[in-house]
Amino acid sequence: MTLPHAQEAAQALVDWFAENGRDYPWRRTTDPWAILVSEIMLQQTTIPTVLGRYEAWLQQFPTPVALAEASEEQALRSWEGLGYYRRVRSLQAAARAIVEQHGGCFPTEEKDIRALPGIGDYTVGAVLSFAYNRPAPLVDANVGRVFARLFNDSTPIDSPAGRKKHWHIAAQMVHPTNPRAYNSALMELGQTLCTSGTPNCLLCPLRTWCQAEHPEKLPVKLPRKEITATEHHDIFLCNGTALLLEKQSDGKRHEGMYRLPRRTAAFCINLPHLADQKYTVTRYKVTRHLYQASSDTPIHAGEEFIPLVQLPHIPMASPDRKLINHFLPSFIRS
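Sequence order sets the numbering: in each chain, residues are counted from 1 along the sequence as written. With the structure being a predicted model, the display of local features is reserved for residues of pLDDT at least 70 and the display and counting of side-chain atom pairs for 80 or more, all residues being used for whole-chain, interface and lining totals. The side-chain values count all of the structure's non-hydrogen atoms but skip hydrogen atoms and water molecules.

Draft legend 1. Fine view of the sheet that holds strand β6 (residues 284-292). Two strands pair under a simple rule: DSSP has to find at least two bridges between them. Only DSSP runs of H or I with at least four residues qualify as helices, and only runs of E with at least two residues qualify as strands; both kinds are numbered from the N terminus onward. Strand order in this open sheet of four strands is β4-β1-β6-β5, and the pairing throughout is mixed. With partners counted over all chains shown, the strands left at the sheet margins are β4 (262-263) and β5 (273-281), one partner each. The sheet contact formed by strand β1 (residues 228-236) and β4 spans two bridges and is antiparallel. Within β4, the residue paired with H233 across the bridge is R263.

Next up, the structure:
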């Protein structure tokens, strides 16, 4: 797929962005570490959420060395509330590789950046273009939507064929001298004008070149995976100075993080019911039932009483933290 006058279209995007681009802290820097952090944070997390955490997180870990020297528990705790904790594990692995292989200095060559743990095509393109202003392609969901409409393409954007097409287009269209502004503009366009549903085509800087006949029907996506409902039963056991928690074991999604201990429904049937909590994790819709346990409750392997003064410093997922913060004061008073 080719676009006639592709570089004219790219320049139109750059000009539009100069007047309409939004101000984000990661757009005020060319530090490759700060840009890598922003890109990892923005994966599957909304911009407002990242805006509330990005600068404070970088104050805690301003360099790869700072994160490399932190414990995994400190890294996980710093990521609390951002979710998808495998991201901070990958980021820490990348930081340690930068320290071990590059003396703590962020690499400048594409092959070295690509070799870092957890770094894929998109992240490589982001670092090369935003930090080093090199003409590197990148494609995310917003960019895929723009390309699907620009070329009136009904190939599902989340299919292997769709992704291959869009990476080919991105490589063809990237601005040769200002890829930093161009790639920012391309994503901004998908976020603000070429949005899901009915796009604002009248204000679009690419309207001269856009081939979409029915833009509201594009992009096409593969069928969604079904949401699976699941539930579990947890206990709350505080002895006045410590809270019983389980440290999740190797191989679990929240490995190394703490959670409220889990029991069977039969075990909890006669316990006082404290709350029901509902939340969604990827394709799972979770219902958690929380019960007050008694002091003679058997303690399972992997569970331990954590002193209350340590609770703010240990890593746990947001749903656990919310329940603990809500119920703990009443148990301390009693």
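Additional details are given in the paragraphs that follow.
Draft legend 2. Just helix α11 (residues 160-173), in detail. In this scheme, a helix's expected span is set at 1.5 Å multiplied by one less than its residue total. Compared with the 20 Å implied by 1.5 Å per residue over 14 residues, the 20 Å span of α11 between its first and last C-alpha is a close match. Check the buried side of α11 and you find it contacts α1 (6-20), α10 (141-150) and α12 (179-192). Note on contacts: a residue pair qualifies if any of its non-hydrogen atoms lie within 4.5 Å across the two residues.

Draft legend 3. The pairing of β5, seen in detail. Bridging between β5 and β6 involves eight bridges; their strand directions are antiparallel. Residue pairing in the sheet places Y279 in a bridge with V286 of β6. Between β5 and β6, which pair antiparallel one after the other, the connecting turn spans two residues, and T282 there sits at a positive phi close to 45 degrees.

Draft legend 4. Layout of the sheet that holds strand β7 (residues 303-307). With antiparallel pairing, the three strands of this open sheet are ordered in space as β3-β2-β7. Looking along the sheet, the strands with just one partner apiece sit at the ends: β3 (258-259) and β7. In the sheet, strand β2 (residues 242-247) pairs with β7 via five bridges, with the strands oriented antiparallel. Opposite L245, over in β7, you have E304 as the bridge partner.

Draft legend 5. Focus on unusual backbone geometry. The residue after L218, namely P219, is reached through a cis peptide bond having omega 0 degrees. Within the fold, P219 resides in the loop between α12 and β1. Phi angles above zero are rare outside glycine, and Y84 is one such case at about 50 degrees. In this structure, Y84 sits in the loop between α6 (72-78) and α7 (86-102).

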